[in-house]
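Coordinate analysis (summary)
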Amino acid sequence: ANYAEDTFQAINERLSYMKDVALFKAQKGAPVEDVERERVVLDKAKEEAAGHGVDPTSVSDFFSAQISAAKAIQFRYRADWLSDADALKQSARDLQAEVRPALLKLGDAIIIAIADKLKNEGPFTDAERDLFNDTLTIENLSQRDKDMIFQALKQIRLQQ
Ligand SMILES: C=C(O[C@@H]1C=C(C(=O)O)C=C[C@H]1O)C(=O)O
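Now for a look at the structure at hand. (Residues numbered from 1 in each chain as written. Predicted model: local features only at pLDDT ≥ 70, side-chain atom pairs only at ≥ 80, totals over all residues. Heavy atoms only, no water.)

**Things to note about the pattern of salt bridges**
In the structure shown here, the tally under the stated rule is 13 salt bridges. Where Asp20 meets Arg93, a salt bridge forms, and the shortest distance between an N and an O atom there is 2.7 Å. Of the two residues, Asp20 is situated in helix H2 (residues 18-28) and Arg93 in the loop between helix H4 (56-81) and helix H5 (95-121); the sequence distance between them amounts to 73 residues. Here Asp20 falls in the buried class, since its relative accessible area comes to 16%. The salt bridge involving Lys117 is made with Glu128; its shortest N-O contact spans 3.7 Å. Pair noted here: Lys117 is in helix H5 and Glu128 is in the loop between H5 and helix H6 (129-135), with a separation of 11 residues, a long-range link. Overall, the relative accessible area of 15% leaves Glu128 in the buried class. Each of Asp126, Arg129, Asp147 and Lys154 takes part in salt bridges that share partners, so that together they form one network. (Salt bridge = Lys/Arg side-chain N within 4 Å of Asp/Glu carboxyl O. Helix = DSSP H or I, 4+ residues; strand = E, 2+ residues; numbered from the N terminus. Buried < 20%, exposed > 50% of the residue type's maximum accessible area, 1.4 Å probe, protein only.)

See the structure below:
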């Protein structure tokens, strides 16, 4: 098993939903940022981390980085769509019924992959940075966004 690659693919899959999230919100005239929802996502991540023997605070910090990148992707789409009315006519998956439940499931999958990586090989290091950069392929995700996520990923530890 490639524990690092499994983790990176799950992170990439989570971010692959953000174009749809941006489209749904743009069509409703809703803001990108939803602080209340972020609290739900972070609380669930901490609970899941503790259940798998991973330090909850370090996982919460990592999820904050993923959420920042998720918002950055959405803002870039929103900016592009200001001059592309046709793009807004695409159909979007329903945020509440479909996308958010999928994001919570992926969050759990990410934490399980991280727990497996840490238990078998120890923390993430710069030895995995190239694989991380190559596995994250989402449009409108910048190199700085990737660096921020990877930095937080390297800080994650198992529980004492
Ligand atoms: C993905 C969403 O957009 C933003 C990013 C979130 C995330 O990455 O979990 C949560 C809330 C929003 O600030 C969402 O609204 O569900």
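**A look at the packing of aromatic side chains**
The full count for this structure, using the stated rule, is six aromatic pairs. Arranged with centres 6.3 Å apart and planes meeting at 65 degrees, the rings of Phe8 and Phe150 form a pair that is edge-to-face. Taken as a pair, Phe8 in helix H1 (residues 3-16) and Phe150 in helix H7 (residues 143-154) lie far apart in primary sequence, 142 residues in all. For the residue pair Phe8 and Phe150, the accessibility class agrees, reading buried in each case. Residues Phe62 and Phe63 carry aromatic rings whose centres are separated by 5.6 Å and whose planes lie at 90 degrees to one another, so their mutual orientation is edge-to-face. An aromatic cluster of at least three residues, connected via ring pairs, comprises Phe8, Phe124, Phe132 and Phe150. Here Lys28 stacks its cationic end above the ring of Phe24, 4.7 Å away from the centre of that ring. Taking the ring centre of Phe124 as reference, the NZ or CZ of Lys117 above it sits at 4.8 Å. (Phe/Tyr/Trp six-rings, centres within 6.5 Å; stacked < 30°, edge-to-face > 60°. Lys NZ or Arg CZ within 6 Å of the ring centre and 35° of its normal.)

**Things to note about the site of the ligand**
Close to the ligand lie 16 residues; Arg14, Lys25, Asp34, Glu38 and Arg100 are nearest. Between the ligand and Gln74, the relevant distance is 2.9 Å, taken from an oxygen atom to a side-chain nitrogen or oxygen of the residue. The separation between an oxygen atom of the ligand and a polar side-chain atom of Arg100 is 2.8 Å. The fraction of the free accessible surface of the ligand (360 Å²) that becomes covered by protein chains is 99%. The site holding the ligand turns out to be the largest cavity. When residues of the shell around the ligand are traced back to their parent elements, those giving at least two are H2, helix H3 (35-51), H4 and H5. With four residues, H4 is the largest single contributor of residues to the shell around the ligand. Class assignment of the residues belonging to the shell around the ligand gives a composition of seven nonpolar, one polar and eight charged. (Near = heavy atom within 4 Å. Polar contact = N/O pair within 3.5 Å; in protein donor to acceptor, adjacent residues only side chain to side chain. Areas by Shrake-Rupley, 256 points an atom, 1.4 Å probe, with all protein chains shown as cover. 1 Å grid on protein atoms, 1.4 Å probe; cavity = no way out; pocket = protein on both sides within 12 Å on 5 of 7 lines; lining within 4 Å. Sits in = over half its atoms within 2 Å of the grid points. Nonpolar A, V, L, I, M, F, W, Y, C, P; charged D, E, K, R; others polar.)

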